[in-house]
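Analysis of the macromolecular model
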Amino acid sequence: MRVLGVDPGLTRCGVGVVEGVAGRPLTMLGVGVVRTSPDAEIGMRLVAIEQGIETWLDEHRPELVAVERVFAQHNVRTVMGTAQASAVAMLCASRRGIPVALHTPSEVKAAVTGSGRADKAQVGAMVTRLLRLAAPPKPADAADALALAICHIWRAPVMNRLQQAHAAARPSRIPTTAPVRKVTR
């Protein structure tokens, strides 16, 4: 499975591509950051993020895009920018028919480090170890994007089994409709 991880942000949008399957060594295929100027108009910043993500999708052809789920923070301005960049990533993938998965920061940290409360340095160190890199990817947004991809690769088989079990446990939902009677006058 080839996954593009996206750590959304307006100034720095981390992107990273990881390939592999759960239980086997993973391979990093690319990592970077799509940057925009804080002085630019918001619409132009979103266009720049879209163009950057489209380039990554063209170059790496992922099977899935994993995006960090936006969570509430005290700084509403930061949340809005993150949500906007997240929406751009989801739009780019969906336009191409690429499935999108959302993971919370604590899910990603727990998957990669074993603790949902790990700090950025711990995430970077584990990404470096798991992908057999010489040094942690910089900036932290790039390492976080790789962590998102790793999280999804590792969690996807379990998530699929849970969805199948849930679907099997549900009674089938056959739509019932009342017979249509023709009324003549």
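What counts and how
Residues numbered from 1 in each chain as written. Predicted model: local features only at pLDDT ≥ 70, side-chain atom pairs only at ≥ 80, totals over all residues. Heavy atoms only, no water. Pairing = 2+ DSSP bridges. Helix = DSSP H or I, 4+ residues; strand = E, 2+ residues; numbered from the N terminus. Axes fitted to C-alpha atoms, helices over the stretch in contact; angles between N-to-C directions. Parallel < 35°, antiparallel > 145°, perpendicular 65-115°, else oblique. Left-handed = near helix turned anticlockwise from the far one by under 90°. Contact = heavy atoms within 4.5 Å. Expected span 1.5 Å × (residues − 1). Polar contact = N/O pair within 3.5 Å; in protein donor to acceptor, adjacent residues only side chain to side chain. Buried < 20%, exposed > 50% of the residue type's maximum accessible area, 1.4 Å probe, protein only.

Strand order in this open sheet of five strands is 3-2-1-4-5, and the pairing throughout is mixed. Strands with a single pairing partner mark the edges of an open sheet, and in this sheet they are strand 3 (27-35) and strand 5 (100-103). On average, each strand axis in the sheet is tilted by 20° relative to the strand beside it, whichever way the strands run. Pairing of strand 4 (residues 64-68) with strand 5, which is carried by four bridges, proceeds in the parallel orientation. Each residue of the ladder has a partner; that of Val67, found in strand 5, is Leu102.

Working note: a packed helix pair is described by the angle between its axes plus the distance between those axes. Running from N to C, helix 3 (residues 105-113) and helix 4 (residues 120-130) cross one another at 50°; their axes reach a closest spacing of 9 Å. When the axes of helix 3 and helix 4 are compared, the pair comes out oblique. Where helix 3 crosses over helix 4, the handedness of that crossing is left-handed. On helix 4, the residues that touch Lys109, Val112 and Thr113 of helix 3 are Gln122, Val123, Met126, Val127 and Leu130.

Looking now at helix 1 (residues 42-60). At 3.6 residues per turn, the α-helix brings residues three or four places apart onto the same side. End to end, helix 1 covers 27 Å across 19 residues, agreeing with the expected 27 Å (1.5 Å per residue, within 8%). Of the surrounding elements, those touching the buried residues of helix 1 are strand 1 (2-7), strand 2 (12-19), strand 3, strand 4 and helix 2 (76-95). If you check the start of helix 1, you find a side-chain oxygen 3.1 Å away from the backbone N of Gly43, and it comes from Glu41. Arg61 occupies a position one or two residues after helix 1 and carries a positive phi of about 45°.

Here Glu54 is to be found in helix 1. Exposure remark for Glu54: the relative accessible area of 15% places this residue in the buried category. A sequence separation of 39 residues divides Glu54 from Ala93, and the C-alpha atoms of the two residues are 8.4 Å apart. Once you skip the residues sitting within four places of it in the chain, Glu54 turns out to touch Cys92, Arg95 and Arg96.

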